[in-house]
Amino acid sequence: MRQGFEKGNLLANGPVQRRLAAILAADVVGFSSLMERDEDGTYVRIGQLRRELIEPRLSEHQGRLIKTTGDGFLAEFSSPIAALRCAIAIQDALNNDPDPLRMRIGLNLGDVIVEDSGDVFGEGVNVAARLEALCEPGGILISGKIHSEVEGKVEAAFEDRGEQQVKNISRPVRIYAVWAAGTKTPAATATSNEVKKPLQLPDKPSIAVLPFQNMSGDPDQEYFADGMVEDIITALSRFKSLFVIARNSSFTYKGNAVDIKQVGRELGVRYVLEGSVRKSGSRVRITAQLIEAATNRHLWADKFDGALEDVFDLQDQVTASVVGLIAPRLEQAEIERARQKPTESLDSYDFFLRGTALSNRRGFAEARQFFTKAYERDPEYGPAYAMAAATLMFEQGVSGVPLTAEQRAEAIRLAHVAFRVGGDDAFTLALSGHTLTYLGSEYDRGASMVDQAVALNPNLAIAWYCRGWVTMMCGEAERAIESFDRMIRLSPLDPLRVRAWNGSSFAFFSLGRYEEGCASAAKSIQVIGDAHTLGAYIVNAVRAGRIVEAREAAARLLRSRPDFRVTHAEEAFPTRSSDMRDQMITALREAGLPG
């Protein structure tokens, strides 16, 4: 609703009319969920609310209805006192309703621009809309300007919530919560869910998965919706990097119209996953959306369709898809959050996130500095050691030029430390196993570690990615291709999918499927044309008889890395199979690469 209340870049056709006004902004809590559950019934109830409560109360208090927006309304008053009395009257009436539509109300006093149509705009309106957005369900928030006009003149209790920075308003706004006289305030009651002190957020990304709504009208489908949520909670709980609210707490919201901000406060989580299940005949559609609780910002949404012939296979399929898709979104949201924190306030996790962001942009040396700071602050932080080691592995892979002996030894040391302190974490196991295989030629140990990683968390995309590379280097090309395919299925938009195509191209080369290898490598080099991706294309193109294309790719490689030599291939493209290694070196020479 708030988007309908705010407007900028006004183009006036004549003199601008301004006036000082008290603005009341209100909306219905959980409107989208109510409409999804019962569109016709909710439409009727909203109409009754407007006709039987909102319009009569506005008339009683000399308010003017400016506009309605489906789930809310905007009104103007010449008197701040009248505006607050109207807001209290509306909330009192709703609180006495046995089955109410609950509302949030924000009030502000400010200068507004009035159009010929009667619509009003300006900061006076914007602040009221922002206060409404911050309000608890059933509550009223007012600005300091309103408070200074009504204090001592309206029978109400006020709680000073201090100055707060609100979105798109340059100056902090003094905010007061208001209760009708005789109503218990937060200080007077400890049992009200509305006024419970928010739980402190954990120091890692936190998420609650709410019960999915059964939209089928068939109570027998309730088990399917509940089972889906339980599977997702279990799968997310395998990510040691996440704080996941247990099922028993999430399911207390089952059957209720929920306010996402309130859920975030009550459960102490930064993110909420909600969704619905709709059955039609033998088909079912599952929708899901990931929301940042504090801002109601939607980070991701998707839908999944399938047949109900094997309902449990469908549950597993959707669970894997949802978990694989939202985990990267959570990581990206956390990276953005860490970027906004001042350096002196960073903790080990924030350093880790900043390092991850730099590594994604191939700033490996600078990323390693942040990972080092992370494990120096927390010596038991396994993922930080693993990523510090991996940045050295990535440097060699991207450049095609071997590391120095000292760099190689440091990467192997870090991977061993990562395994020692974080050997029960799938992420740490996967990256450490990959590094030890690629840089340390510890093929058996690396294979065991990546297999253990996917067993610990079969929904962790990077575990399958690392397993793909390790099995490829160990000479198990078919398992490598299966692993890369699984990684891309779990995380279809993952930046690492480019490297997965690259890994598959080497596996195809090993199997003698050179045209498939060319196709897979070609997808990689369209995005990243470095030594590793170009090398994969070259060896497949030579064996496929595309010698002209192979030599063009070799020339491109040398333009980006003039220091590349064929002798580097033994370390840049390591494999347990001496036969495959010899074949790659021969193919690189046939393409005209030096050394």
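Everything numeric here is computed off the predicted structure, so don't read it as measured data.

Draft legend 1. Region of the structure containing the overall build of the protein chain. Secondary structure assignment for the protein chain yields 24 helices and 14 strands. With 595 residues in all, the protein chain has 55% of them scored as buried. Summarising the internal contacts of the protein chain: among those between residues at least 6 apart in sequence, 65% fall at separations of at least 24. Roughly 26,100 Å² of accessible area belongs to the protein chain as shown, and the carbon and sulfur atoms make up 48% of that amount.

Draft legend 2. Inspection of the pairing of strand β14 (residues 297–307) at higher detail. As paired elements, strand β13 (residues 283–292) and β14 share ten bridges and run antiparallel to each other. Counted as the bridge partner of Q289 is A301 from β14. Hairpin connection between β13 and β14: a loop of four residues separates the two successive antiparallel strands, and N296 in this loop has a positive phi of roughly 65 degrees.

Draft legend 3. Looking closely at the nonpolar core. F212, I232, L273, L431 and I538 are the most contacted members of the largest nonpolar core, which has 129 residues in total. The greatest single-element share of this core, amounting to eleven residues, is contributed by helix α13 (residues 382–399). If you look at the next biggest cluster of nonpolar residues, it comprises 36 residues, including A26, L94, A156 and Y176.

Draft legend 4. Here's a closer look at the pattern of salt bridges. Counting across every chain of the model gives 27 salt bridges. Between R546 and E549 there is a salt bridge whose closest N-O contact spans 3.3 Å. Given the relative accessible area of 29%, R546 is considered partly exposed. On the basis of relative accessible area, E549 is assigned to the partly exposed category, the value being 32%.

Draft legend 5. Representation of the environment of G363. Residue position: G363 is located in the loop between α11 (348–360) and α12 (364–377). C-alpha of G363 to C-alpha of T391: the two residues are 28 residues apart in sequence and 8.8 Å apart in space.

Draft legend 6. Representation of α13 within the structure. Between its first and last C-alpha atoms α13 spans 26 Å; for 18 residues at 1.5 Å apiece the expected length is 26 Å, and the two agree. Looking at the residues trailing α13, positive phi occurs at G400, about 75 degrees.

Draft legend 7. Layout of unusual backbone geometry. The phi angle at N296 is positive, at roughly 65 degrees, despite the residue not being glycine. Inspection of the secondary structure puts N296 in the loop between β13 and β14. One non-glycine residue, S441, lies in the positive phi region at around 55 degrees. For S441, a relative accessible area of 43% gives the class partly exposed.

Draft legend 8. Examining the packing of aromatic side chains more closely. Applying the stated criterion to the full structure yields eleven aromatic pairs. A ring pair is formed by Y375 and Y385, whose centres lie 4.2 Å apart and whose planes are at 15 degrees; its orientation type is stacked. You can see Y375 sitting in helix α12 and its partner Y385 sitting in helix α13, a full ten residues away along the chain. Comparing Y375 with Y385, the two get one shared label, buried. Taken together, Y465, W469, F484, F506 and F573 form an aromatic cluster joined through their ring pairs. The ring centre of F370 lies 5.3 Å from the NZ or CZ of K373, which sits over that ring.

Draft legend 9. Seen up close, the side chain of Q396. Looking at the secondary structure, you find Q396 in helix α13. In this structure Q396 comes out as buried when scored by relative accessible area, which is 0%.

Draft legend 10. Quick look at helix α18 (residues 477–490). Along its 14 residues, α18 runs 20 Å from first to last C-alpha, staying within 8% of the 20 Å computed at 1.5 Å per residue. The complete set of buried residues in α18 reads A477, A480, I481, S483, F484, M487, I488 and L490.

Draft legend 11. Representation of the packing of helix α19 (residues 497–511) against helix α24 (residues 578–590) within the structure. With their axes 11 Å apart at the nearest point, α19 and α24 run at an angle of 105 degrees to one another. If you check the angle between α19 and α24, you find them roughly perpendicular. Residue-level inspection shows F506, F509 and S510 of α19 in contact with α24, the latter providing M580, Q583 and M584. Split into classes, the residues belonging to the contact of α19 with α24 amount to four nonpolar, two polar and no charged.

Draft legend 12. Spatial organisation of the side chain of N540. Residue position: N540 is located in helix α21 (residues 531–543). Those residues in contact with N540 that lie beyond four places of it in its chain are S505, F508, F509, R513, Y514, G517 and C518.

Draft legend 13. Region of the structure containing the packing of helix α14 (residues 405–422) against helix α15 (residues 426–440). Where α14 contacts α15, the axes come no closer than 9 Å and their chain directions differ by 150 degrees. The pairing of α14 with α15 is recorded here as roughly antiparallel in orientation. Remark: the crossing between α14 and α15 carries left-handed chirality. Together, R408, A411, I412, A415, H416, A418, F419 and G422 of α14 and T428, L429, S432, T435, L436, Y438, L439 and G440 of α15 make up the contact between the two elements. Class assignment for the residues of the contact of α14 with α15 results in nine nonpolar, six polar and one charged.

Draft legend 14. Looking closely at the pairing of strand β3 (residues 72–77). Among the six residues in β3, six count as buried, and that is most of the element. Side-chain alternation along β3 places G72, L74 and E76 on one buried face and F73, A75 and F77 on a second face that is also buried. Here six bridges tie strand β1 (residues 17–28) to β3, and the two strands are oriented antiparallel to one another. Note on β3: the bridge partner recorded for D27 is G72. Bridge count between strand β2 (residues 64–68) and β3: four bridges; the pairing is antiparallel. Looking across to β3, one finds that R64 is bridged to E76. Linking β2 back to β3 in an antiparallel pair, the connection comprises three residues, with G70 at a positive phi of about 85 degrees.

Draft legend 15. Inspection of the environment of I140 at higher detail. For I140, the position within the fold is in strand β6 (residues 140–143). Take I140: its relative accessible area is 6%, and that puts it in the buried class. Sequence separation of I140 and W179 is 39 residues, and the distance between their C-alpha atoms is 7.3 Å. Look past the residues within four positions of I140 in its chain and what remains in contact with it is L84, A87, I88, Q91, I105, L107, C135, Y176, A177 and V178.

Reading the values: rules and limits
Residues numbered from 1 in each chain as written. Predicted model: local features only at pLDDT ≥ 70, side-chain atom pairs only at ≥ 80, totals over all residues. Heavy atoms only, no water. Helix = DSSP H or I, 4+ residues; strand = E, 2+ residues; numbered from the N terminus. Buried < 20%, exposed > 50% of the residue type's maximum accessible area, 1.4 Å probe, protein only. Contact = heavy atoms within 4.5 Å. Areas by Shrake-Rupley, 256 points an atom, 1.4 Å probe, with all protein chains shown as cover. Pairing = 2+ DSSP bridges. Core = buried A, V, L, I, M, F, W, Y, C linked by side-chain atoms within 4.5 Å. Salt bridge = Lys/Arg side-chain N within 4 Å of Asp/Glu carboxyl O. Expected span 1.5 Å × (residues − 1). Phe/Tyr/Trp six-rings, centres within 6.5 Å; stacked < 30°, edge-to-face > 60°. Lys NZ or Arg CZ within 6 Å of the ring centre and 35° of its normal. Axes fitted to C-alpha atoms, helices over the stretch in contact; angles between N-to-C directions. Parallel < 35°, antiparallel > 145°, perpendicular 65-115°, else oblique. Nonpolar A, V, L, I, M, F, W, Y, C, P; charged D, E, K, R; others polar. Left-handed = near helix turned anticlockwise from the far one by under 90°.

The values reported here are purely geometric and, on their own, carry no functional implication.
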